[in-house]
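Structural overview for review
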Amino acid sequence: MNKMHFPRWIEGGRWPRAIALTVALWAIGSTQAVSAAQRIVLLYGPMRAPISVAELSDFARTGELSPALSGYLGLANQEPEKVREHLTKSVQVKAVLLDRVLNHQLGERLLRQVGRGLRTPSGERNEQALRAALVLSASDDDEIHLMEILENYPAESLEVDLAEMSRLYRKLQFLERLNL
């Protein structure tokens, strides 16, 4: 098995969680947005379906579909349980390592890729906001899941491409392999 090689500043040393949180909070503060996403626009082809983060969070937590979300997923031909699985499956990644990797060339590439399916409507400062949401999501338990990222995303509105959901999760799984 090939072991991934990173610069010494990623592999070595120990940054306290406070530094990772400081970076996340700085990135959040540097955006012109509110503290967390309030509204999500689900995208599927030409369909644009607005839904509240709370409504999507309730679905992820309980499996109960609101009438609006049920209709949107039906129009998009998406299986609710598959969507819920992608929203709630966790990826184990140490917050300190995640912060280091996301501030490296490899991490910036990953942020651009994930940002194709998860982005602000304007696309401005998307990578900074995504980096902040990822680090903040991992900061309390060294794991992330898509719903937690959506809840921590520092923008009032966020677009989520339903067709990209499984690819988003696979991209996030890459971070788990970095814990080796």
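This text follows the structure it describes.
Now for a quick tour of the structure.

Criteria and cut-off values
Residues numbered from 1 in each chain as written. Predicted model: local features only at pLDDT ≥ 70, side-chain atom pairs only at ≥ 80, totals over all residues. Heavy atoms only, no water. Buried < 20%, exposed > 50% of the residue type's maximum accessible area, 1.4 Å probe, protein only. Helix = DSSP H or I, 4+ residues; strand = E, 2+ residues; numbered from the N terminus. Pairing = 2+ DSSP bridges. Arc of directions from axis to C-beta. Core = buried A, V, L, I, M, F, W, Y, C linked by side-chain atoms within 4.5 Å. Contact = heavy atoms within 4.5 Å. Salt bridge = Lys/Arg side-chain N within 4 Å of Asp/Glu carboxyl O.

1. Remarks on the pairing of strand E6 (residues 157-161)
In terms of residue burial, E6 counts as a mostly covered element, since five of its five residues are buried. What you see with E6 is no split at all: Ser157, Glu159 and Asp161 on one side and Leu158 and Val160 on the other are buried throughout. Across five bridges, strand E1 (residues 39-44) lies against E6 in parallel orientation. Note on E6: the bridge partner recorded for Leu42 is Val160. Pairing analysis gives two bridges linking strand E4 (residues 118-119) to E6, with the strands arranged antiparallel. Among the inter-strand pairings, Leu118 is bridged to a residue of E6, identified as Val160.

2. Examining helix H5 (residues 80-88)
Helical geometry: 3.6 residues make up each α-helical turn, so side chains three or four residues apart lie on a common side. Among the residues making up H5, those that are buried are Val83, His86 and Leu87. Buried residues along H5 cover an arc of 100° about the axis, so they all sit on one side.

3. A word on the sheet that holds E6
Pairing is mixed across the open sheet formed by four strands, whose spatial order is E2-E1-E6-E4. This sheet does not close on itself; its edge strands, each paired only once, are strand E2 (47-52) and E4. The pairing of E1 with E2 spans six bridges and is antiparallel. Residue pairing across strands places Arg39 opposite Ser52, the latter belonging to E2.

4. Looking at the nonpolar core
By size, the foremost hydrophobic cluster in this structure holds 49 residues, and its most contacted members are Leu87, Leu118, Leu134, Ile144 and Leu150. Non-local contacts of Leu150, meaning those with residues more than four positions away in its chain, are made with Ala37, Ile40, Leu56, Leu87, Leu118, Leu158 and Val160.

5. A look at the environment of Ala76
Tracing the sequence through the fold places Ala76 in the loop between helix H4 (67-75) and H5. Judged by relative accessible area, Ala76 falls into the buried class, the value being 0%. Ala76 sits 86 residues away from Leu162 along the chain, and the two C-alpha atoms are 8.0 Å apart. What Ala76 contacts, discounting residues up to four positions off in sequence, is Tyr44, Met47 and Leu162.

6. What to know about the pattern of salt bridges
For the coordinates displayed, the defined rule picks out six salt bridges. Between Glu159 and Arg48 there is a salt bridge, with the nearest N and O atoms lying 2.9 Å from each other. Placement of Glu159 in strand E6 and of Arg48 in strand E2 is noted, with a sequence separation of 111 residues between them. Judged by its relative accessible area of 5%, Glu159 is buried. You can call Arg48 exposed: its relative accessible area is 52%. Between Asp58 and Arg61 there is a salt bridge, with the nearest N and O atoms lying 2.8 Å from each other. Of the two residues, Asp58 and Arg61 both sit in helix H3 (residues 53-62), three residues apart, roughly one turn of that helix. Assessed through its relative accessible area of 36%, Asp58 is described here as partly exposed. Taken together, the shared-partner salt bridges connect Arg48, Arg119 and Glu159 into one network.

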